[in-house]
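Chain and residue survey
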Amino acid sequence: MHNVYLQDETDIEGWRAAARRLVSQGVAPQDVDWYVRPAADEAVQEDFLAMANDAANPAGDQFCVAAQGKANIVPSAMPDGQQQPSGDSVRLMVPRQFVELVRPVILHRAPERFGLLYRALWRLQRERGLMRLAGDPDIARLNAMVKAVRRDMHKMTAFVRFREAMVEGRPRYLAWFEPEHHIMAAIAPFFIGRFAAMDWTIMSPRMGMHWDGDMLHFLPGGKPEALPAEDAGEALWLSYYRHIFNPARLKLKAMQKEMPKKYWHNLPEAELITALIADAGTRTQAMLERAPEPPRRKVVGYRRKPRRPDIASGNE
Amino acid sequence: MQVKQKLEILADAAKYDASCASSGTERRDSRDGKGIGSTTGTGICHSYAPDGRCISLLKILLTNFCLYDCVYCVNRVSSNVPRARFSIDEVVQLTLAFYRRNYIEGLFLSSGIIQNPDYTMEQVVEVARILREEHGFRGYIHLKTIPDAAPELLARAGRYADRLSINIELPTAASLSALAPEKDGAAIRMSMARLRERIDAGKDKTASGKRPPKFSPGGQSTQMIVGADATDDRTILSASAELYGRYRLRRVYYSAFSPIPDASPALPLQSPPLAREHRLYQADWLMRFYGFESHEIITGEQGMLALDMDPKTAWALRNRAMFPVDLNRAPKSTLLRVPGLGVRNVQRILAARRVRAVRLDDLVRMHAPINRMLPFIQLPDHHPGATLDAASLSARLKDTRTAPQQLGLFM
């Protein structure tokens, strides 16, 4: 039996190196067990990490090439404790579709993801067309994992809600979010690209991240209580949410499909939903039953200017 | 008046516009540390209201004072709804404040017509200009354009906006002049043609390879109100087909005419035809992504889409001679016509069958809606046999979800 110990939950380089070596040694998937090393210290040290290069290479198509510019990658130890040989010494041919799967699948929280990826890699050495078979059980499962991770990342870009606080004389934007998968570092480039000039902090149960306008800092996990209380800016948002809703067209399933209840406790506007739904029927009925009223203001008929000559002649 | 009150009035005034998209534009970010914002290509819905609509942009009117008297409109001059007007700076600050908190992708700004079309358009464009030039705002901006405004103003709008739209409002000229007497259908179409020209030009490279100045990189869209007049679905869909073809619109939005506060006596209110709106969107998709022509989707005298069945299934039942389709042999254009088979699964089937025959199990694992598909498809391990011709097939494929929604149990 071969045991592989990965550095952390998202140790892509470690997985790649080990997988490359195991395939070249002809080790069958059922003979490998994959483990993630437990964190040495629960209170994780602050980890300073420049994200600039990483952001430019989200998926990467350099399976055979050494990773570029990611500072926190430490090669995984070999099963027998030796350092691994240089990854470039073994070149595997894998289709691009597989390379693109690896990163999102590794961000998934399911423990079996490492073994599943390895099994697909193993099968690819013999089944050239495997990646095209969306109906194959392994490929279907991998596709589903990719979809779940992408959705989690997308929902995070949508549902993070910042509150504003003054910290050392500067406004800082703080949010609490609970992703399902290991996506915090992977989603950081989105928030940096959008809010590069702001100081912001996003905390989650497992880890946090803080952008100081220049560098991204990873922090240990936190608690939602650290978030500042609601403020005036949020009140305006609640007003907007209340008034952009049209009570005459309730479509609750459509809402819940895209904004499932599991997100509600971190969305300030969600506390309005129950009341809005409860009142919708009476509000609509009142509109339907109301007798039309004549205008209370004097209405002057609007007279359009004669059409512009270029429009009238249609010389477009 | 406080900003909060204005926001309430001017969001109320804006909510009948169905558009919320923040997609289709160029990719930008603000990594250079100047300004704020980014665009992602696909857009992001930051929230959903209980009406099922996505909240992606801050969708407001600059003002709901309006000179026009469009019968269907909550903001028509003869309506008694409360009125308000934002200052330009108030809209700018509100947009930035919402954006910084990650509530929105950007701004969708529209306005009632005040003073005259040019003045109104100038004010709307000025909001976009200040956001872009003075605050370096790189989020999404959608501007509603006023067809009667000067062409120079539309040109300026396109410089700052990611998307422009002009609402066609009603599918026929007769309905438009009856319900929106101040609007001019010919001018609306002329403006769309003008925008198309500029949008196309903004995408072309010149002979020297230089990029022309950007113009509304997310294209243009429009909205049609459904159910305020007697127009049938056939007319609506052929109007859409024309809009997509002639003006290359990115989207036609269908907005079920909905009860509004202080309705006009000329237009009695009823519950909005949501199922009809839904079927129109499905038909619209069939035209844009599935190779259907509008006249194939609606046949017969009625001119209306069935409410209790999706239009693709309805088409298949009328054309049973074309089925069953052999998923391992049929060309792509035929696969796209199989009920229940979406574009993505068609691509997957095409890829898979080059490796080996696709079987029933494969479809299950692709999460295809098997029950809807089975009568119409043939696989190595499945043939529909007599079910395809059974008289009861139509009843079996009716969509029960179009029954009225139950409330109350939801929470």
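Quantities reported herein were computed from a predicted structural model and do not represent experimental measurements. Within any chain, residue numbers begin from 1 and follow the written order of that chain's sequence. Chains and ligands are labelled by the order in which they are written, letters from A for the one and numbers from 1 for the other. Given that the model is predicted, a residue must reach a pLDDT of at least 70 before its local features are reported, and side-chain atom pairs must reach 80 or more before they are shown or counted; all residues, however, enter totals for whole chains, interfaces and linings.

Now for the overall build of chain B. Helix numbers and strand numbers start at the N terminus; a helix is a DSSP run of H or I with at least 4 residues, a strand a run of E with at least 2. When helices and strands are tallied, chain B shows 15 helices and 10 strands. Once the C-alpha set of chain B is aligned to its principal axes, its extents read approximately 70 × 55 × 50 Å. Exposure classification rests on a simple neighbour count of other C-beta atoms within 10 Å of a residue's own: a residue reaching 20 or more is buried, one at 12 or fewer is exposed, and one in between is partly exposed. C-beta atoms are placed from the backbone. A buried classification covers 51% of the 411 residues belonging to chain B. Residues are defined as contacting one another if the C-beta atoms placed from their backbone atoms lie within 7 Å. Residue pairs in contact within chain B that sit at least 24 positions apart in sequence constitute 68% of those at least 6 positions apart.

Here we take up the confidence of the model for chain B. Think of pLDDT as the predictor's per-residue confidence, scored from 0 to 100. Put simply, chain B has an average pLDDT of 93, and 97% of its residues get 70 or more. Under a pLDDT of 50 for its full length, residues 403–411 of chain B has, in the predicted model, 7 contacts with residues more than four places off or in other chains.

Right, let's get into the sheet that holds strand β3 (residues 57–61) of chain B. Residues and elements named next belong to chain B. In spatial order, the strands read β3-β4-β5-β6-β7-β8; together these 6 strands make up an open sheet with parallel pairing. Strands at the two margins of the open sheet, each flanked by one partner only, are β3 and β8 (251–256). Each neighbouring strand pair of the sheet contributes to a mean axis angle of 20 degrees, computed without reference to strand direction. Two strands qualify as a pair provided DSSP detects at least 2 bridges between them. Two elements, strand β7 (residues 220–226) and β8, share 6 bridges in a ladder whose sense is parallel. Counted as the bridge partner of Gln 223 is Tyr 253 from β8. Taken strand by strand, helix α3 (residues 117–135) contacts β4 (106–110) and β5 (140–144), and its axis lies near 170 degrees from that of β5. Think of each axis as a best-fit line through the C-alpha atoms, taken over the contacting stretch in the case of a helix, with angles from 0 to 180 degrees between the N-to-C directions.

A word on the nonpolar core. Ranked by size, the top nonpolar core spans 175 residues in total, and within it Leu 10, Leu 109 and Ala 128 of chain B carry the most contacts. Here the element with the most residues in this core is helix α5 (residues 137–159) of chain A; it accounts for 7 residues. Once residues within four sequence positions are removed from consideration, Ala 128 of chain B is found in contact with Ile 141, Leu 143, Ala 157, Tyr 160 and Ala 161 of chain B. Throughout this description, the term nonpolar core refers to a group of buried Ala, Val, Leu, Ile, Met, Phe, Trp, Tyr and Cys residues whose C-beta atoms join them within 7 Å.

At the interface, 67 residues of chain B touch 60 residues of chain A. Put simply, the parts of the chain that give the side of chain B that touches chain A at least two residues each are α1 (3–12), β1 (47–48), α2 (88–100), α6 (185–203), α12 (343–352) and α13 (360–365) of chain B. A total of 5 residues in the side of chain B that touches chain A trace back to one element, the largest contributor, which is α1 of chain B. Just so you know the grouping, Ala, Val, Leu, Ile, Met, Phe, Trp, Tyr, Cys and Pro go in nonpolar, Asp, Glu, Lys and Arg go in charged, and all remaining residues, Gly too, go in polar. For the side of chain B that touches chain A, a count of residues per class yields 36 nonpolar, 13 polar and 18 charged.

So, about the pairing of β7 of chain B. Residue and element names in this part refer to chain B. Of all 7 residues making up β7, 7 are buried, and the element is well covered by its neighbours. Burial along β7 is two-sided: the residues Gln 220, Thr 222, Met 224 and Val 226 and Ser 221, Gln 223 and Ile 225 are all buried. Sheet topology places strand β6 (residues 163–165) next to β7; 2 bridges connect them, and they run parallel. Note on β7: the bridge partner recorded for Leu 164 is Gln 220. You can see the chain leave β7, run along helix α7 (residues 233–247) and come back into β8, and the turn it takes is right-handed. Crossovers are marked right-handed if the path from the first strand over the helix to the second runs clockwise, as seen with the strands pointing away from the viewer.

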